[in-house]
Amino acid sequence: MSKILVNVGVEGEHETATATIMILGDQCTRGCRFCSVKTNKKPPPPDPMEPSNTAEAISRWGLDYIVITSVDRDDLPDGGAAHFAETVTQIKKRNPSILVECLTGDFRGDLKGVEAVVKSGLDVYAHNVETVDRLQLLVRDPRANYKQSLEVLRHVKRIQPDMLLYCTSKKRVTNYLGSTDLREANVDCVTLGQYMQPTRLHLKVTEYVTPEKFKHWESVGNELGFAYTASGPLVRSSYKAGEFFLTNLLKTRTGSTEEQQSTER
């Protein structure tokens, strides 16, 4: 059964509704030191009806923006990529106007899986790098790594250059934007947030970054040329303000494309 988080907000005079849905179960095959999600080397198989059931439910909710995410499923041949893709396809089939974001894992570096999701009809591709390169082994499961995540991001733009690409990190962020890696990968938007220790068994917090430092990194992100940089202690993936911005950015891009096509005709 999918896990669902629904948010309702107001943008100007227009009430907007978004939801974040976790598919592919609630048991992850990896064990990152920051995450409190349950782990299992052999979790139950995915529900084959989940994509259509999820899409059917979403079609009745009157949403403007939907985020599809999941645990890592290294037990599946494609890491769950086909399940992601089918969910997007089913959502768009019922409501072509809804904006769909997929926040995926790295599919063990299988770029065919990335391609399947990109070509499913989604609007925003998101992937978490989690932390800076030098802290990857300390923070993430050994099967994940910085270079592998960067390659996922790069491949999205290789397949579809106009895809809106979104990246986030909330684990020990202090000098994250000192590198231009994400811009060189053509990432459009980035979010930075504070890691909070979920239990005593997880990675300890070594620094609470001040709002002033987060504001500084927001400025750095803007200077590097990201279309949108959200930086703050409580900023997370699928950040509400970020969804508002991405919605407007997508509408602007669509409008510009339609205007250009009209001019060419």
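Residues numbered from 1 in each chain as written. Predicted model: local features only at pLDDT ≥ 70, side-chain atom pairs only at ≥ 80, totals over all residues. Heavy atoms only, no water.

- Looking at an unreviewed UniProt entry, one finds the protein named Lipoyl synthase, mitochondrial, with Desmophyllum pertusum as its source organism.
- You can read under Pathway (unreviewed entry) in the UniProt record for the protein the words "Protein modification; protein lipoylation via endogenous pathway; protein N(6)-(lipoyl)lysine from octanoyl-[acyl-carrier-protein]: step 2/2."
- Regarding the protein, the UniProt comment filed under Subcellular location (unreviewed entry) reads as follows: "Mitochondrion". (UniProt positions renumbered as here; feature names shortened; annotations may be inferred.)

## Observations regarding the overall build of the protein
In step 1: Of regular secondary structure, the protein possesses 8 helices and 10 strands.
In step 2: Relative to its full complement of 265 residues, the protein shows a buried share of 51%.
In step 3: At a minimum sequence separation of 6, the contacts of the protein that also span at least 24 residues come to 68%.
In step 4: When the accessible surface of the protein is split by element, carbon and sulfur atoms take 53% of a total near 13,200 Å². (Helix = DSSP H or I, 4+ residues; strand = E, 2+ residues; numbered from the N terminus. Buried < 20%, exposed > 50% of the residue type's maximum accessible area, 1.4 Å probe, protein only. Contact = heavy atoms within 4.5 Å. Areas by Shrake-Rupley, 256 points an atom, 1.4 Å probe, with all protein chains shown as cover.)

## Focus on the pairing of strand S6 (residues 99-104)
In step 1: Within S6, 6 of the 6 residues are buried, which leaves it mostly tucked inside the rest of the structure.
In step 2: The pairing of strand S5 (residues 65-70) with S6 spans 5 bridges and is classified as parallel. Paired with Tyr 65 across the two strands is Leu 99, which belongs to S6.
In step 3: Considered for its hand, the β-α-β crossover made up of S5, helix H2 (residues 81-94) and S6 is right-handed.
In step 4: Here 4 bridges tie S6 to strand S7 (residues 124-128), and the two strands are oriented parallel to one another. The partner of Thr 104 across the bridge, within S7, is His 127.
In step 5: Handedness of the crossover joining S6 and S7 through helix H3 (residues 111-118) is recorded here as right-handed. (Pairing = 2+ DSSP bridges. Right-handed = clockwise from strand over helix to strand, strands pointing away.)

## Thoughts on the pattern of salt bridges
In step 1: This model, assessed by the stated rule, comprises 15 salt bridges.
In step 2: A salt bridge links Lys 92 to Asp 123, with the shortest nitrogen-to-oxygen separation between them at 2.8 Å. Of this pair, Lys 92 sits in helix H2 while Asp 123 is found in the loop between H3 and S7, placing the two residues 31 residues apart along the sequence.
In step 3: Where Arg 154 meets Glu 151, a salt bridge forms, and the shortest distance between an N and an O atom there is 3.5 Å. On the criterion of helical spacing, the pair formed by Arg 154 and Glu 151 is a turn pair, its members being 3 residues apart in helix H5 (residues 146-159).
In step 4: Judged by its relative accessible area of 25%, Glu 151 is partly exposed.
In step 5: Overlapping salt bridges bring together Arg 30, Asp 74, Asp 106, Asp 141 and Arg 143 as one network. (Salt bridge = Lys/Arg side-chain N within 4 Å of Asp/Glu carboxyl O.)

## Observations regarding the side chain of Ser 52
In step 1: Mapping Ser 52 onto the fold places it in helix H1 (residues 50-59).
In step 2: In this structure the side chain of Ser 52 is engaged in a polar contact, spanning 3.1 Å, whose partner is the backbone oxygen of Met 49.
In step 3: If sequence neighbours within four positions are ignored, Ser 52 has contacts with Gln 90 and Arg 94. (Polar contact = N/O pair within 3.5 Å; in protein donor to acceptor, adjacent residues only side chain to side chain.)

## Structural notes on the side chain of His 202
In step 1: One can find His 202 in the loop between strand S9 (189-192) and helix H7 (211-224).
In step 2: Among all residues touching His 202, those that are not within four sequence positions of it are Arg 33, Phe 34, Cys 35, Ser 36, Tyr 195 and Gln 197.

## Comments concerning the packing of H2 against H3
Two measures define how a pair of helices packs: the angle their axes make with one another and the distance between the axes.
In step 1: As a packed pair, H2 and H3 sit with axes 8 Å apart at the nearest point and diverge in direction by 5°. Between H2 and H3, the angle falls in the class roughly parallel. Contacts between H2 and H3 involve Ala 81, Phe 84 and Ala 85 on the former and, on the latter, Gly 113, Ala 116 and Val 117. (Axes fitted to C-alpha atoms, helices over the stretch in contact; angles between N-to-C directions. Parallel < 35°, antiparallel > 145°, perpendicular 65-115°, else oblique.)

## Notes on the confidence of the model for the protein
In step 1: Residue-level pLDDT values for the protein average 84, and 82% of them are 70 or greater.
In step 2: Low confidence marks residues 4-14, where pLDDT is under 50. Its contacts with residues over four positions away, or in another chain, come to 27 contacts. (pLDDT = per-residue confidence, 0-100.)

## Some points on empty space enclosed by the protein
It is the rolling of a water-molecule-sized probe over the atoms that shows where space remains empty.
In step 1: Counted by the stated rule, this structure contains 2 cavities of 30 Å³ or more.
In step 2: As a volume, the largest cavity reaches approximately 70 Å³.
In step 3: Looking at side-chain class alone, the lining of the largest cavity contains 3 nonpolar, 3 polar and 5 charged residues. (1 Å grid on protein atoms, 1.4 Å probe; cavity = no way out; pocket = protein on both sides within 12 Å on 5 of 7 lines; lining within 4 Å. Points joined across faces, edges and corners; volume = space filled by probe spheres on them. Nonpolar A, V, L, I, M, F, W, Y, C, P; charged D, E, K, R; others polar.)

## Details of the packing of aromatic side chains
In step 1: Under the defined criterion, the tally for this structure stands at 1 aromatic pair.
In step 2: A centroid spacing of 6.2 Å and a plane angle of 80° characterise the contact between Phe 84 and Phe 107, whose relative ring orientation is edge-to-face. Here the residue Phe 84 occupies a position in helix H2, and Phe 107 occupies one in the loop between S6 and H3, the gap between them amounting to 23 residues. In terms of burial, Phe 84 and Phe 107 fall into one category: buried. (Phe/Tyr/Trp six-rings, centres within 6.5 Å; stacked < 30°, edge-to-face > 60°.)

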